[in-house]
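Each chain is listed here by its residues.
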Amino acid sequence: MLRGGSSVLGIVNFITFLISIPILGGGIWLASRANSTDCIRFLQWPIIIVGLVLMVISLMGFAGACYRQTWLLRLYLFAMFFVVLALLFFIVFAFAVTDRGDGQVVMNRRFLEYQLSDYSGWLRERVADPEYWATISACLRDGHACSGMRRFARDPNTGMLVPEPPEMFYARNLSPIQSGCCKPPSSCAFTYNNETYWTPNPGVPMSSDPDCKRWSNDQQTLCFQCDSCKAGVLAGIKKSWRKVAILNIVVLIILVIVYVAGCAAFRNAKRIDNDEPIGMARMTKSQPSRFQF
């Protein structure tokens, strides 16, 4: 049976085990985002590893508290310290690489437009790398990232379902991937036929934006080679990473409190095991004075 500080350590490690669940869930959520939308598969694994390691060492600490194995508890506290550092590094890294870049508002459009020039730093270089972008664009095509854009409206004259008119499309709130990869930039001033089929307007000069020439009505091409598509991917990554980073800030605060409590409980458990007195020891005189404090 647990007693004293050992019982506190058992409770602390149970709380640590519970904390590992949202960390692991955040990594799995990023992995699911990578498979369906973002197609970025290099950040979720460190988060999943941190969650799994935290889960394992919490069980290790719980076993050490149950069986009162001092060496196992020391190893638990040592490993926990590095988990806290790893989680802190991820939070700083996630905010550092997503500190720039936002969508731009366009007149008469509810959705935002995304430009690669608004982003900078390591993450942009990583995504824009031709070899790596070939993998990302293939993932977007294979994942049918634009297939969910098609919507229909009923023609008031015939009663038949037809592609939604431009006014309805412009009033939609598109995701960064849909806005950047599935349609040409608004600056191209192309004529809308449906969500993924646009034609140049003969009466409007071609925009200087190179993405206008990269756009293709081929449903396997669309704007997957456009800079706006890369910017849309970066915007999606920023949104996902910020959500996970904010969750991990809360987890980190709780984890630091748990770690400090674990250190205190470990010291108290050692004192109990060694039959040492806990608290302040008082010295008494052989001939005490009349006034006692």
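Since the model is a prediction, treat every value here as computed from it, not as a measurement. (Residues numbered from 1 in each chain as written. Predicted model: local features only at pLDDT ≥ 70, side-chain atom pairs only at ≥ 80, totals over all residues. Heavy atoms only, no water.)

1. Points about unusual backbone geometry
Trans is the common state for peptide bonds, and a negative phi is the common state for residues other than glycine. In plain terms, the rule: Helix and strand assignments come from DSSP, with helices taken as H or I runs of at least 4 residues and strands as E runs of at least 2, each series counted from the N terminus.
Of note, the phi angle at Asn 108 is positive, near 65 degrees, even though the residue is not glycine. On the secondary structure map, Asn 108 appears in the loop between strand E1 (104–105) and strand E2 (112–113). Not every positive phi belongs to a glycine, and Leu 222 is a case in point at roughly 45 degrees. Mapped onto the elements, Leu 222 comes out in the loop between helix H8 (211–214) and helix H9 (227–273).

2. Structural notes on the pattern of salt bridges
Rule in force here: Salt bridge, as applied in this entry: a Lys or Arg side-chain nitrogen positioned within 4 Å of an Asp or Glu carboxyl oxygen. For each residue, the accessible area found with a 1.4 Å probe, counting protein chains only, is set against the maximum for its type, and the residue is called buried under 20%, exposed over 50%, and partly exposed in between.
Going through the model one piece at a time under the given rule, you end up with 8 salt bridges. The salt bridge partner of Glu 195 is Arg 172, with a shortest N-O separation of 3.6 Å. With Glu 195 in the loop between strand E5 (191–194) and strand E6 (197–199) and Arg 172 in the loop between helix H6 (166–170) and helix H7 (176–181), this residue pair connects regions lying 23 residues apart in the sequence. Neither residue differs from the other here; Glu 195 and Arg 172 are each classed as buried. Taking the shortest distance from any N to any O, the salt bridge between Asp 211 and Arg 214 comes out at 2.8 Å. Note that Asp 211 and Arg 214 are positioned in helix H8 at a spacing of 3 residues, about one turn of the helix.

3. Points about the nonpolar core
Cut-off, in case you're wondering: Nonpolar cores were defined as sets of buried Ala, Val, Leu, Ile, Met, Phe, Trp, Tyr and Cys residues, with membership established by side-chain atoms within 4.5 Å. The contact criterion used throughout is that any non-hydrogen atoms of two residues lie within 4.5 Å.
Ranked by internal contacts, the top residues of the largest apolar core, which has 37 residues, are Leu 140, Phe 169 and Val 233. For this core, the secondary-structure elements that each account for two or more residues are helix H4 (122–128), helix H5 (130–142), H6, H7 and H9. At 7 residues, the largest contribution of residues to this core is made by H9. Those residues in contact with Phe 169 that sit more than four places away from it in its chain are Phe 111, Met 149, Glu 164, Leu 174, Lys 183, Tyr 192, Glu 195 and Trp 198. One finds Leu 73, Tyr 76, Met 80 and Leu 255 within the second-largest nonpolar core, a separate group that totals 29 residues.

4. Quick look at H5
Residues lying three or four places apart along an α-helix face the same way, a consequence of the helix completing one turn every 3.6 residues. Stated precisely, the cut-off is as follows: Helix span is expected to be 1.5 Å times the residue number reduced by one.
Helix length check: H5 (13 residues) gives 18 Å between terminal C-alpha atoms against 18 Å at 1.5 Å per residue, within 8%. Trailing H5 by a residue or two, His 144 shows a phi angle of about 50 degrees, which is positive.

5. As for empty space enclosed by the protein
Space left empty within the atom packing is revealed by a probe, the size of a water molecule, rolled over the atoms. So the rule is basically this: A cavity here means a set of points on a 1 Å grid, drawn over the protein atoms and nothing else, where a 1.4 Å probe fits but cannot get out; a pocket is an open set with protein on both sides within 12 Å along at least five of seven lines, and a residue lines either one if it has an atom within 4 Å of a point. Grid points are joined across faces, edges and corners, and a volume is the space filled by probe spheres set on the points.
Scanning the entire structure with this criterion turns up 2 cavities of 30 Å³ or more. Reported here for the largest cavity is a volume of approximately 60 Å³. What lines the largest cavity is Val 97, Thr 98, Asp 99, Arg 100, Tyr 119, Ser 120, Leu 123, Arg 124, Leu 234 and Lys 238. Sorting the residues of the lining of the largest cavity by element identifies H4 and H9 as the ones contributing at least two each.

6. Quick notes on the UniProt feature "transmembrane region" (unreviewed entry) in the protein
Inclusion rule: UniProt positions are given in the numbering used here, feature names are shortened, and annotations may be inferred rather than shown by experiment.
Under the UniProt annotation, the feature "transmembrane region" (unreviewed entry) is placed at residues 6–30, 42–63, 75–97 and 244–262. Counting secondary structure, residues 75–97 comes out at 100% helix and 0% strand; the distance between its end C-alpha atoms is 33 Å. Secondary structure across residues 244–262 divides into 100% helix and 0% strand, with the first and last C-alpha atoms of the span separated by 26 Å.

7. Looking at the confidence of the model for the protein
Quick note on the threshold: Think of pLDDT as the predictor's per-residue confidence, scored from 0 to 100.
Summary statistics for the protein give a mean pLDDT of 80 and a share of 82% for residues scoring 70 or more. The secondary-structure element of the protein with the lowest mean pLDDT is helix H1 (residues 4–38), recorded at 70, while E2 shows the highest, at 94. Predicted confidence is poor over residues 278–285, with pLDDT under 50, and the contacts of this stretch with residues over four places away or in other chains come to 4 contacts.

8. Considerations on the packing of aromatic side chains
Applied cut-off: Each Phe, Tyr or Trp ring, with Trp reduced to its six-membered ring, pairs with another whose centre is within 6.5 Å; inter-plane angles below 30 degrees give stacked pairs, above 60 give edge-to-face pairs, and intermediate values give tilted ones.
Taken as a whole and assessed by the stated rule, the structure comprises 11 aromatic pairs. Seen from their ring centres, Phe 89 and Phe 93 are 6.1 Å apart, and the 20 degrees between their planes marks the pair as stacked. In this pair, Phe 89 and Phe 93 are both assigned in helix H3 (residues 70–97), 4 residues apart and thus about one turn of the helix distant. An angle of 65 degrees between the planes, with centres 5.4 Å apart, marks the rings of Phe 93 and Trp 122 as edge-to-face. Linking Phe 93 in helix H3 with Trp 122 in helix H4, this pair joins segments that are 29 residues apart in sequence. Take Phe 93: its relative accessible area is 24%, and that puts it in the partly exposed class. Its relative accessible area of 41% is what places Trp 122 among the partly exposed residues. Ring pairing ties together the aromatic residues Phe 111, Phe 169, Tyr 170, Tyr 192 and Trp 198, which thus form one cluster.

9. As for the state of the cysteines
The line we're drawing: By definition, disulfides here are pairs of cysteine sulfur atoms that lie within 2.5 Å.
Enumeration over the complete set of coordinates arrives at 4 disulfides. One disulfide bridge connects Cys 223 with Cys 226, the sulfur atoms lying 1.8 Å from each other. Between Cys 223 and Cys 226 the disulfide shows an S-S torsion of about -90 degrees. By sign, it is left-handed. Judged on exposure class, the residue Cys 223 and its partner Cys 226 are both buried.

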